[in-house]
Amino acid sequence: MIKMTPEESYLFFLKNCTTANKSADNYRSFARINETIARLKGLPSFDIYSILEVSELDRIIESLQNDEDFLSYNSKGNNQYTNALAYYRRYLLALQLSQATPSKGERSSVPLSLQIIYFGAPGSGKSHKVAEDLAGIGRANIFRTTFHPDYDYASFVGCYKPEMRSEPIWEESYTLDELLAIIPNEVRVGENYPVEKFCLRHYRSIEKLNISSSQKNELRVKILQAAKNSDEQQAEGKTIQTATVLAGAALGRYLEDNGILSASGNSTAIAYAFTPQVFTNAYVRAWEHPNEKVYLVIEEINRGNCAQIFGDLFQLLDRKDDGTSEYPIDADNDLAIYLQDTLRDDAKQGIAEGKLCLPSNLHIIATMNTSDQSLFPMDSAFKRRWDWEYIPINYSDKVKSGQFEIVIGKEENQKQYRWIDFLKEINKHILKVTGSEDKQMGNFFIKSSIEEKAFKSKVMAYLWHEVCKDEYGTQSNFFRSGERAGDGEEFSFNQLYDGEINSTKLLQGFMTYLDVRAIGEESAGEENE
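Residues numbered from 1 in each chain as written. Predicted model: local features only at pLDDT ≥ 70, side-chain atom pairs only at ≥ 80, totals over all residues. Heavy atoms only, no water.

## Describing the overall build of the protein
Threshold: Counting from the N terminus, the helices are the DSSP runs of H or I reaching at least four residues and the strands are the DSSP runs of E reaching at least two. Areas reported as accessible are Shrake-Rupley estimates using a 1.4 Å probe. Residue values count occlusion only from the protein chains shown.
Of regular secondary structure, the protein possesses 21 helices and 14 strands. Carbon and sulfur atoms form 47% of the exposed surface of the protein, whose accessible area is close to 28,000 Å².

In structure tokens:
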């Protein structure tokens, strides 16, 4: 058996056990990190491959996250160094698992990454990467949500919400004698409209009995006597008046026929109950099915205020080597009651002693557009609890996006351009103007070939509002049409919708300025050269 150095072993891991094969060199560039660690430790030199324990590496990562120099060059390098550290951490985890000796029939359920954020330019394929990770996972074990500026802890975990409940309020089969017997218990002294109210409450029994006028009057008199608020002549029954009995019963029938009273003999009442949301649902599922992998997927994680959304749950993201939370936290009283009522048998460990603890089979996958990274900045304490993987823009012809075309114009004025050719050139301009790759467009920014109308409203609108709007009137603005040698004719986004301007000609001139040739023109251009 060939014995490998730690560096060789790590490179083997990158190329054979991860999706980082093509960019493996980016994830083993530790020279600058070694210099920084040596400075922080006061050592003449340092070798990252001397670290073979995850806990020791975590302490190193935490110290780096608090170092301004590291944060600066890592940001300029598009998080290349934090990515390298994340992959080395995954390697160490895998190394520890491979050296473990589980008992016969036992299998480890700890994955290489329990919490990961896929980040990259808009349309770079982050959601596609998530779909690959979830291939073969049953729908019951996948829980999805999308963060946004109004998203909060209650939206993520749950809260008390009102709900309508049906409650029984009366019996349906009283005899006349039984009705007469309950009158003293139901009719209050001095009550207004006592006959109508009593007969409304028991209108079904009155309907079923089909009692005579004299019996109705007997009922009325008994009610009036109980209320003690009618004149003596009526109470003694010398005047037969049954209208009020009929009115009460008829009103009950009317309310039921119009849906105001339930036909089941129940009434609806507002009650409050804890309503679980996506985190709690995933948490319950994971604890109740410990032998199955459960995934919580968070799209656009940085569009929400993570500190507000997670609250103290972020402490649960610190995982031990067995995959469970290292620091369980006290559950809110409402959540604790819900979990105690919901979890069964061994799953009650998920709320043991009133504490929350992530199980080892609960994975959290998130996506993040780098173009939105300033919406709600994440603090370093939150960031370090995640693995990070950059999804690069793929300019290859071999992927689906390599076959997309941009169609500008109609009939004899129509020209077609390869999406990938346009993407390569436009991203160079975006980088030059912004000094950053964050605003670049990914190869799946569009989902299929695109015609002029959609190209204007989707692609050109993005370029204008995210990059060129504030550069209008300067040399940095690349919204130009014509030959680049003459600086082109500057135009604005609104001009693409000006009825007096030929937008087709403007866009084809825009392609000329970018040096993107139409399909069929490339070979002619090469021959002229």
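## Quick word on a negative patch on the surface
Here is the rule: Residues with no salt bridge and a relative accessible area higher than 30% make up the patches, which join like charges within 9 Å and nonpolar side chains (Val, Leu, Ile, Met, Phe, Trp, Tyr) within 5 Å. The rule for a salt bridge is simple: a side-chain nitrogen of Lys or Arg has to be within 4 Å of a carboxyl oxygen of Asp or Glu. Charged-residue counts in this description rest on Lys and Arg as positive and Asp and Glu as negative, His and the chain ends being excluded. Charge coordinates come from a single atom per side chain, which is NZ of Lys, CZ of Arg, CG of Asp or CD of Glu.
Taken together, the side chains of E53, E56, D321, D322 and E326 present a region of like negative charge at the surface. With respect to the element layout, E326 can be found in the loop between helix 15 (306-310) and strand 6 (329-330).

## Details of the environment of V130
Stated formally: Burial classification: accessible surface area is computed with a 1.4 Å probe over protein chains only, and a residue below 20% of its type maximum counts as buried, one above 50% as exposed, and the rest as partly exposed. Here a residue-residue contact requires only that any non-hydrogen atoms of the pair lie within 4.5 Å.
Positionally, V130 belongs in helix 6 (residues 126-133). Exposure remark for V130: the relative accessible area of 1% places this residue in the buried category. Linking V130 and V297, residues 167 residues apart in sequence, is a C-alpha distance of 8.3 Å. Apart from the residues lying within four places of it in its own chain, the contact partners of V130 are Y118, V297, I365 and T367.

## A short note on the pattern of salt bridges
Taken as a whole and judged by the stated rule, the model has 15 salt bridges. Note that R385 and D318 form a salt bridge whose closest N and O atoms lie 2.9 Å from each other. Here D318 lies in the loop between helix 15 and strand 6 and R385 lies in the loop between helix 17 (380-383) and strand 9 (387-390), a separation of 67 residues in the sequence. A cluster of three or more residues bridged by salt bridges with shared partners is formed by R39, D67 and D69.

## Description of the sheet that holds strand 8 (residues 362-369)
Selection criterion: In this analysis, strands are considered paired if DSSP registers two or more bridges between them. For helices, the axis comes from a line fit to the C-alpha atoms of the stretch in contact; other axes are also lines fit to C-alpha atoms, and the angle between any two N-to-C directions lies between 0 and 180 degrees.
Reading across from one edge, 2-5-8-1-9 is the order of the 5 strands in this open sheet, with parallel pairing throughout. Two strands close off the open sheet at either side, each with one partner strand: strand 2 (142-146) and strand 9. This sheet shows a mean twist of 20° between the axes of neighbouring strands, independent of strand direction. As defined by bridge partners, strand 1 (residues 115-120) adjoins strand 9 across 4 bridges and the pair is classed as parallel. Paired with I117 across the strands is W388, a residue of strand 9.

## Some details on the nonpolar core
Quick note on the threshold: Put simply, buried Ala, Val, Leu, Ile, Met, Phe, Trp, Tyr and Cys residues joined by side-chain atoms within 4.5 Å make one nonpolar core.
By size, the foremost hydrophobic cluster in this structure holds 45 residues, and its most contacted members are F156, I301, F310, L356 and W386. For F156, the residues in contact, after removing those within four places along its chain, are F147, Y151, Q277, V278, F279, T280, L296, I298, I309, F310 and L313. Within the second largest apolar cluster, 39 residues are counted, among which are A121, M441, F445 and Y513.

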